[in-house]
Amino acid sequence: FVQAEDGIRYYYASRGRGDVYKRQVKEVLTTAEASAYLGLSESYLYKLTSSKRIPHYKPNGKLVYFNRRELCEWAMKNQVQTAEPTACTNDETI
């Protein structure tokens, strides 16, 4: 098993020493892989797909697939702005 940069573990049969440098990140994810990637339960992911609140694909009308980049964009939308930093004086305790 190999853990990719997105945290998902994949099984690859080794083809030799140079094989480590030839691996590519998987772009199309199953529901289980997308669940692990986002840190969400599979049941909640199915709920999001049924309500069409997350980008997904159903090529044969049954199995659900996800594009890794679209999931990343979806997860990063609606950014919450941080509060402006306040200056602390020596009298204040943190």
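For the structure itself, look to the data block above.
Everything numeric in this text was worked out from a predicted model, so none of it was measured.

A. Seen up close, the environment of S35. Examined against the element boundaries, S35 turns out to sit in helix α2 (residues 31-38). Judged by its relative accessible area of 9%, S35 is buried. As a C-alpha pair, S35 and L45 span ten residues in sequence and 6.8 Å in three-dimensional space. If near-sequence neighbours (up to four positions away) are discounted, S35 is found in contact with L40, S41, E42 and L45.

B. Highlighting the pattern of salt bridges. Scanning the model with the defined rule gives three salt bridges in all. Of the charged contacts in the structure, one is a salt bridge between E33 and K26, with a shortest N-O distance of 2.8 Å. Exposure remark for E33: the relative accessible area of 15% places this residue in the buried category. We classify K26 as partly exposed; its relative accessible area is 30%. Two residues, R69 and E27, come together in a salt bridge whose shortest N-O distance is 3.4 Å. Separated by 42 residues along the polypeptide, R69 in helix α4 (residues 68-75) and E27 in the loop between α1 (19-22) and β3 (28-29) bring together distant segments of the chain. Accessibility expressed as a relative area gives 53% for R69, which makes it exposed.

What counts and what doesn't
Residues numbered from 1 in each chain as written. Predicted model: local features only at pLDDT ≥ 70, side-chain atom pairs only at ≥ 80, totals over all residues. Heavy atoms only, no water. Helix = DSSP H or I, 4+ residues; strand = E, 2+ residues; numbered from the N terminus. Buried < 20%, exposed > 50% of the residue type's maximum accessible area, 1.4 Å probe, protein only. Contact = heavy atoms within 4.5 Å. Salt bridge = Lys/Arg side-chain N within 4 Å of Asp/Glu carboxyl O.

As far as function goes, none of this settles anything; it's purely spatial.
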